[in-house]
Amino acid sequence: MPSTEALKQKACESIEARRNEIIGVGESIMDAPELGFKEHRTADRVKGIFRKLELPFEDGLAITGVKAVLHGAKPGPTIALMGELDALQVPGHPREDPETHAAHACGHNAQIAGLMGAAMGLARSGVAEHLAGNIVFLAVPAEEFVEIDYRIGLVKSGATSFLTGKQELVKQGKFEDIDMAVMIHTTGPDVTEGSMGVACSSNGFLAKNIRFTGKASHAGGSPEKGVNALYAAQLALNAINAQRETFRDDDCVRVHPIITKGGDLVNIIPADVTMETYVRAKTADAILDAAHKVDRSLRGAAMAMGCRVEIETVPGNLPLRNDPALTDVFRSNAEQLFGEDGFREYGHGGGSTDAGDLSQFMPVLHPVMTGAAGTHHQTDWHIADPDAGYMAPAKTLAMMAVDLLSDEGSRAREVLDLFEPTMS
């Protein structure tokens, strides 16, 4: 039987042979960005590759998700390799969709390219004949938590139950046959000094839709007859800011509200004003504490101005816990591509991901790899180094799968033995 290292080399050679195709996948998705739960063209591209590889798949999962399986020769653990289908809204990005303003300014196009590259390498190299267990290739919709009103509409219509893709897939039972999950997020020099790294954890959050309702009146002729909902929103913003010194530094609380509608006409006292905010923190208790203070600030501002306020709170993501044992597997394989000096261990991160929900009940890894230039979620973001941004994630995912499932799946079993879930 070939050694584990020989199997990994064979998978990487198969990936390298398809270099132009893999880079083409990433660039074509970059040029056709789609927002969450609307990624139909991107999903079609994924399905086309699975058909070509003769991998059986399910589609239409959480509206647009696609799940394919590569079976090993023997029974064993099942590992999910994941990539995210969706873009976010970045008006002014040179490769945005001009109608929706969707743009891949966070590297999800590279995630799908890396996932498809790993699928190509593992399926075409024949290494699965020497593995114990299964490899799931999972293209997941709607990780970016945007268009909250639209997603709430999906829930109310029964199209989904949750506002992000992985949460919906959990509800649909699509992770019940999966033991652990791995994905790789592309990053750039604004985030990391090295070429790859892992943060121990990152924030979870709740999201809030807020509406202040006042009373309209002529702003010049009879302002005293109106009740200014915009002033209530301004007071609320100030009250929320005044709460910041009550947040513990260790809890990494982040609250960042925006006004999404500030009124109707400039000569009418604003009577209908809407806001959105996230309430992020390191733990569920800290999220709930900060959310209570935000609600108190909103209600106090409404009372001060004589307005009414409606607060709709919806689930965001649970905090992410990157698995230490999977981190070791990632590091040993990624260092073969980037060298030992490229790895960095990061502290807790203030951002959020729905991979955090998975990490509460199964081993999950969500590391970062270099390859991009520009700033996350900004107009200058792009994949600047195709080898680092597209090819290295494909090879690393494939090598990790081989490492975990070779030798009768012993390393995957070790990961599972060491893992302690916080939820069922």
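Anything mentioned here points back to the structure above.
This is a predicted model, so every value here is computed, not measured. (Residues numbered from 1 in each chain as written. Predicted model: local features only at pLDDT ≥ 70, side-chain atom pairs only at ≥ 80, totals over all residues. Heavy atoms only, no water.)

So, the packing of helix α9 (residues 324–338) against helix α11 (residues 386–405)
- Packing of α9 against α11 brings their axes to within 9 Å, and their N-to-C directions diverge by 130 degrees. By the angle between their axes, α9 is oblique relative to α11. Both α9 and α11 take part in a crossing whose hand is right-handed. On α11, the residues touching Leu326, Val329, Phe330, Ser332, Asn333, Ala334, Gln336, Leu337 and Phe338 of α9 are Ala388, Ala392, Lys395, Thr396, Met399, Met400, Asp403 and Leu404. (Axes fitted to C-alpha atoms, helices over the stretch in contact; angles between N-to-C directions. Helix = DSSP H or I, 4+ residues; strand = E, 2+ residues; numbered from the N terminus. Parallel < 35°, antiparallel > 145°, perpendicular 65-115°, else oblique. Left-handed = near helix turned anticlockwise from the far one by under 90°. Contact = heavy atoms within 4.5 Å.)

Considerations on the environment of Thr313
- Position of Thr313 among the secondary structure elements: in strand β15 (residues 308–317).
- At a separation of 2.7 Å, a polar atom in the side chain of Thr313 contacts the side chain of Lys208. (Polar contact = N/O pair within 3.5 Å; in protein donor to acceptor, adjacent residues only side chain to side chain.)

Things to note about the nonpolar core
- The biggest cluster of nonpolar side chains holds 68 residues, and the ones touching the most others in it are Phe50, Leu81, Met116, Leu122, Ile135, Phe137 and Phe330.
- Per-element accounting of this core gives the leading share, 11 residues, to α11.
- In contact with Phe137, not counting residues within four places along its chain, are Phe50, Leu55, Val66, Lys67, Ala68, Leu70, Leu81, Leu115, Ala118, Ala119 and Leu122.
- Membership of the second largest hydrophobic core comes to 24 residues, among which are Ala229, Ile240, Val273 and Ile287. (Core = buried A, V, L, I, M, F, W, Y, C linked by side-chain atoms within 4.5 Å. Buried < 20%, exposed > 50% of the residue type's maximum accessible area, 1.4 Å probe, protein only.)

So, the state of the cysteines
- Using the criterion set out here, one finds zero disulfides in the structure.
- Between Cys200, a cysteine without a disulfide, and Cys252, which holds the nearest cysteine sulfur, the sulfur-to-sulfur distance is 10 Å.
- With a relative accessible area of 46%, Cys200 lands in the partly exposed category. (Disulfide = S-S within 2.5 Å.)

Quick word on the side chain of Asp97
- In this fold, Asp97 is placed in the loop between β4 (88–89) and β5 (102–103).
- Among buried Asp, Glu, Lys and Arg side chains, Asp97 stands out as unpaired, with Arg41 the closest opposite charge at 4.1 Å.
- A polar atom in the side chain of Asp97 sits 2.8 Å from the backbone nitrogen of Glu99.
- Ignoring any residue separated from it by four or fewer positions in sequence, one finds Asp97 in contact with Pro33, Arg41 and Ala102. (Lys, Arg positive; Asp, Glu negative; His and termini not counted. Salt bridge = Lys/Arg side-chain N within 4 Å of Asp/Glu carboxyl O.)

A look at helix α7 (residues 229–242)
- The end-to-end C-alpha distance of α7 is 20 Å, a good match for the 20 Å that 14 residues give at a rise of 1.5 Å each.
- Here α7 has its buried residues at Ala229, Ala232, Ala233, Ala236 and Ile240. Taken around the axis of α7, the buried residues stretch over an arc of 100 degrees, which confines them to a single face. Facing away from the buried side of α7 by more than 90 degrees, the exposed set consists of Asn238 and Ala242.
- Against the buried residues of α7 lie β11 (204–213), β12 (254–255), β13 (258–261), β14 (272–281) and α8 (284–305). (Expected span 1.5 Å × (residues − 1). Arc of directions from axis to C-beta.)

Concerning the sheet that holds strand β8 (residues 185–186)
- Strand order in the open sheet formed by four strands is β8-β19-β9-β17, with mixed pairing between adjacent strands. Two strands bound the open sheet, and with one partner strand each, they are β8 and β17 (343–346).
- Both β8 and strand β19 (residues 368–369) contribute to a ladder of two bridges, which runs parallel. Opposite His185, over in β19, you have Val368 as the bridge partner.
- Strands in contact with α9 are β9 (196–199), β17 and β19; relative to β9, the strand with the most contacts, it is inclined by about 165 degrees. (Pairing = 2+ DSSP bridges.)

Digging into the layout of surface pockets
- Taken as a whole, the largest pocket spans an internal volume of roughly 1300 Å³.
- For the largest pocket, the lining is made up of 42 residues, of which Cys106, Arg280, Gly351, Ser352 and His377 are closest to its centre.
- Among the elements of the structure, β4, α5 (148–157), β9, β10 (201–202) and β14 are those that each provide at least two residues to the lining of the largest pocket.
- Here the lining of the largest pocket gets four residues from one element, more than from any other, and that element is β14.
- Considered class by class, the residues forming the lining of the largest pocket number 16 nonpolar, 20 polar and six charged.
- For the second largest pocket, the full set of lining residues is Asp149, Asn209, Ile210, Arg211, Thr260, Thr274, Met275, Glu276, Glu310, Ile311 and Glu312. (1 Å grid on protein atoms, 1.4 Å probe; cavity = no way out; pocket = protein on both sides within 12 Å on 5 of 7 lines; lining within 4 Å. Points joined across faces, edges and corners; volume = space filled by probe spheres on them. Nonpolar A, V, L, I, M, F, W, Y, C, P; charged D, E, K, R; others polar.)

Note that every value here comes from positions in space, so none of it alone points to a role or purpose.
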